[in-house]
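Examination of the molecular architecture
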Amino acid sequence: MANRGEIAVRIIRACRELGIKSVAAVSEADKDSMAAKIADRAICIGPARPTESYLRADILLCAARGTGCDAIHPGYGFLAEQPDLAELCRQHGVIFIGPSPESLRQMGNKLLARETVRHYSVPVIPGSGKVRDVKEAYGMAEKMGYPILIKASAGGGGKGIKFVMGPEELKVTFETAAAEARMAFGDETLYFERFFSNVRHIEVQIVADRSGNVIHVGERDCSMQRRYQKMIEEAPAPSLSDRQREEIRQAGVTIAREMKYESLGTVEFIFDQNTKQFYFLEMNTRIQVEHPVSEMISGIDLVKEQIRIAADEPLPWSQSEVQLTGHAIECRINAETPELGFQPCPGRIEQWVEPQGTGIRVDSHCYSGYFISPYYDSLMAKVITLGMDRSEAIERMRSALEGFVVTGIDTTIPFLRDIFHQPDYIKGQVHTRWIEEFLDSPPSSGGEEEGPPFQEAR
Amino acid sequence: MDLTEDEVTQILKWIEDSNFDELDLIMGEIKLVVKKRRDGSAVKEEVAGKAPTQAGVPEPAGMEAGKEKSLCDVHGMKGRAEESLEEGLSAIRSPMLGTFYRCPAPGAPPYVEVGSFVEEGDTVCLIEVMKVFNAVKAGVKGCIAKIFPETGQLVEYGQTLFFVSPDDRIQKKEKHEKNFQAPGG
């Protein structure tokens, strides 16, 4: 288990259900973590700093071989989508629980991914090829029309994106984007995408085995984002007509099948609510944070399936056997202070009481007394609710968030409680910038009953 | 009571020439342990500080330690015990996860044995990660009192590799005479 946090716990549990022994590779800061406690064995791979532990493919492989592991699960983030670890695993006969290094490369380079998908006759967000310098940038931006998004080819997952309103901002933003991309990814290649103002983020969950069988497990709507980072996800997507839903699912399957993808993957699209047209955004070649909403409506354990696929087992069901019922919503509970621009708030949790109830699931690695390390991301838990329909899922989420007690540190729980009382969200009238607009100019009170709206708490 | 350098050298010589394999000498606060190597040369283990007043063979450092379990032991795996430090001893810990090697090359003599005297900058072992060998420096000065892992064993980051017993008298004497060196060092 070459990862940490809630996903490490999730994967170790899946292993246990499959009768597979697990070794948790932990940094010094994670020696007391839940993953270290519940794994069959834990091994310290290095200091807290990720570049000296969770990002060291060589050390992780050495740890795997030294402890007799025959497979490595990379989780999400860290090395999950870096071809290096997958490549090293292949060279040394260790199974990488994920797609091939070729697929990781093909989709990891966002320019190459756009090029690839265009060949499969799936619509791609209109944009440019590589933009080399400021001079080229002006020419391209004029041709495309403002506003535009500048994206780093090595980015993805909402990282390395800059918004340009007009030509007066272009030069500085372009140069900053190049410098940041060089720093963050070691690759300053940039490209442009047309900016859409009223879009939803829709993604299709793909499951593909090693014999060429590809199915989808429905789509998710992840439009509730802040600065390109998802906060709330749900399945199925509430905004699509049956025909659009089927088209977008088939587009996802087409991409995975054409590129001979193996393992779990997610094909992300944006859906323009004005024109009802969808476009390919990028593909995530790993298990995703928000996978539980698809599990809840399908009854499929995606992590277990991912492990079985890596063990060369064929998919146990055909597309028609996958039944999607009900509606599921997930909230990410982060150790952040919403009043301070969602600034991370590491520290020791005094009290941690997870909500319970029908249709409520909590995926977490936290407990009372656990120390949230400043070295890693601030995700503490995911609350997932399942209802017969969307309104029941929302009701259960409200109840779950009300019942979630965390003291000692700040969390996003109060903010999320408020969101689930916002009429726009309840009616499903949101887009990818809705949270940002809401934060800039909140509507006068949430509109509904109990609990003070988040803004009053300032 | 102090042992002079000449006296220590003399003792080592006696043992080397004698039929005895081992000598444990306790004089007041000084405890001197000398063991013969297989090739016949004497190896000295000198433990500084207050020696136990009761008679008997002094326990090599860290032998009865081991209350602090490593993560591996917690889960009942066959473990490399991360032994708790005895007073007066320093630990050399692994700076990285990897495979532990005591020798610079197969068949070559180990960098250190129990009883070897090491300086801060001396290499005590190698840790290999994916065919890259990293030399581990002692970081402390003194005598190797205990060696935990065996060659070829996987060691974790922060795992205790050696106990070192710092010895003030040896360090002082060293300043006076360069020639003095603990055999086997």
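Residues numbered from 1 in each chain as written. Chains lettered and ligands numbered in written order. Predicted model: local features only at pLDDT ≥ 70, side-chain atom pairs only at ≥ 80, totals over all residues. Heavy atoms only, no water.

**Details of the overall build of chain A**
Counting secondary structure elements, chain A contains 15 helices and 22 strands. Taking 458 residues into account, the globule formula puts the C-alpha radius of gyration at 23 Å, and chain A, at 21 Å, falls close to it. Each principal axis of the C-alpha atoms in chain A carries an extent, and together these give about 55 × 55 × 45 Å. In chain A, buried positions account for 58% of the 458 residues. Long-range contacts, defined as pairs at least 24 residues apart, comprise 64% of the intrachain contacts of chain A with a sequence gap of at least 6. (Helix = DSSP H or I, 4+ residues; strand = E, 2+ residues; numbered from the N terminus. Rg over C-alpha atoms; globule rule 2.2 N^0.38 Å. Buried < 20%, exposed > 50% of the residue type's maximum accessible area, 1.4 Å probe, protein only. Contact = heavy atoms within 4.5 Å.)

**Some remarks on the interface of chain B and chain A**
A common measure of how large an interface is: the accessible area buried when the components associate. Facing 14 residues of chain B, the contacting portion of chain A comprises 23 residues. For the pair chain B and chain A, the two sides together bury roughly 1600 Å², of which 70% comes from carbon and sulfur. On the surface where chain B and chain A come into contact, there are zero salt bridges. For the interface between chain B and chain A, the tally reads two residue pairs in polar contact (both at pLDDT 80 or more). Taken together, the elements giving at least two residues each to the side of chain B that touches chain A come down to helix 2 (71-74), strand 5 (98-101) and strand 7 (123-129) of chain B. Per-class residue counts for the side of chain B that touches chain A are eight nonpolar, three polar and three charged. (Buried area = accessible area lost by both parts, 1.4 Å probe. Salt bridge = Lys/Arg side-chain N within 4 Å of Asp/Glu carboxyl O. Polar contact = N/O pair within 3.5 Å; in protein donor to acceptor, adjacent residues only side chain to side chain. Nonpolar A, V, L, I, M, F, W, Y, C, P; charged D, E, K, R; others polar.)

**Structural notes on the packing of aromatic side chains**
For any two aromatic rings, the description comes down to two numbers: the centre-to-centre distance and the angle of the planes. Residues and elements named next belong to chain A. Throughout the structure, instances matching the rule amount to 18 aromatic pairs over all chains. Here Phe 269 and Phe 278 contribute two aromatic rings whose centre-to-centre distance is 5.4 Å and whose plane-to-plane angle is 85 degrees, an arrangement assigned as edge-to-face. Both residues of the pair, Phe 269 and Phe 278, count as buried. Centre to centre, the rings of Phe 415 and Phe 438 are 6.3 Å apart; their planes meet at 55 degrees, and the pair counts as tilted. Residue Phe 415 is located in helix 13 (residues 413-419), and its partner Phe 438 is located in helix 15 (residues 434-440); the two are separated by 23 residues in the primary sequence. Three or more aromatic residues joined by ring pairs form one cluster here, namely Tyr 54, Phe 78, Tyr 375 and Tyr 376. For the cation-ring pair, Arg 390 lies above Tyr 425, with the distance from its terminal atom to the ring centre recorded as 4.7 Å. For Arg 433, the ring lying beneath its charged end belongs to Phe 163, and the centroid distance is 4.9 Å. (Phe/Tyr/Trp six-rings, centres within 6.5 Å; stacked < 30°, edge-to-face > 60°. Lys NZ or Arg CZ within 6 Å of the ring centre and 35° of its normal.)

**So, the pattern of salt bridges**
Residues and elements named next belong to chain A. This structure, assessed with the given rule, holds 36 salt bridges over all chains. The shortest N-O distance in the salt bridge between Arg 245 and Glu 219 comes to 2.6 Å. Placement of Arg 245 in helix 9 (residues 242-258) and of Glu 219 in strand 10 (residues 214-226) is noted, with a sequence separation of 26 residues between them. The pair Arg 245 / Glu 219 is uniform in exposure class, with both members buried. Taken together, the salt bridges that share partners define one network made up of Glu 203, Arg 220, Lys 230, Glu 233, Glu 268, Glu 290 and Arg 332.

**A look at the domain arrangement of chain A**
When its domains are assigned, chain A resolves into domain 1 (5-97), domain 2 (126-194) and domain 3 (199-440). A C-alpha centroid distance of 35 Å is found between domain 1 of chain A and domain 2 of chain A. (Domains from an automatic or database assignment.)

**A closer look at the state of the cysteines**
Residue and element names in this part refer to chain A. Following the criterion strictly, the structure yields zero disulfides over all chains and no others. Cys 222 carries a free sulfur, and the closest cysteine sulfur to it, the one in Cys 331, is 12 Å from it. Here Cys 345 stays free of any disulfide, with the sulfur of Cys 366 as its closest cysteine sulfur at 12 Å. Judged by relative accessible area, which is 16%, Cys 345 ranks as buried. (Disulfide = S-S within 2.5 Å.)

**Quick notes on helix 11 (residues 302-310) of chain A**
Residue and element names in this part refer to chain A. When you tally the buried positions in helix 11, you get eight out of nine residues, the bulk of the element. Every buried residue of helix 11 is accounted for by Leu 302, Val 303, Lys 304, Glu 305, Gln 306, Ile 307, Ile 309 and Ala 310. By the N-cap criterion, in which a side-chain oxygen at the helix start approaches the backbone nitrogen of a residue two or three places on, helix 11 is capped by Asp 301, the distance to Val 303 being 3.2 Å. The first or second residue beyond helix 11 is Asp 312, which carries a positive phi of 70 degrees.

**A short note on the pairing of strand 10 of chain A**
Two faces belong to every sheet, and in a regular strand the side chains alternate between them. Residue and element names in this part refer to chain A. Most of strand 10 sits out of view: 13 of its 13 residues are buried. Relative to strand 10, strand 9 (residues 199-208) runs antiparallel, the two being bridged by six bridges. Its bridge partner being in strand 10, Val 204 is matched across the sheet by Glu 219. The antiparallel pairing of strand 9 with strand 10 creates a hairpin that spans five residues between the two strands, and Gly 212 there sits at a positive phi of about 90 degrees. (Pairing = 2+ DSSP bridges.)

**A word on helix 7 (residues 134-144) of chain A**
All names here are of chain A. Within helix 7, the full set of buried residues consists of Val 134, Ala 137 and Ala 141. Buried residues along helix 7 cover an arc of 45 degrees about the axis, so they all sit on one side. In helix 7, the exposed positions that point more than 90 degrees away from the buried face belong to Lys 135, Glu 142 and Lys 143. On its buried side, helix 7 packs onto strand 5 (127-131), strand 6 (148-156), helix 8 (167-185) and strand 8 (190-194). Looking one or two residues beyond helix 7, the residue adopting positive phi is Gly 145, at roughly 90 degrees. (Arc of directions from axis to C-beta.)

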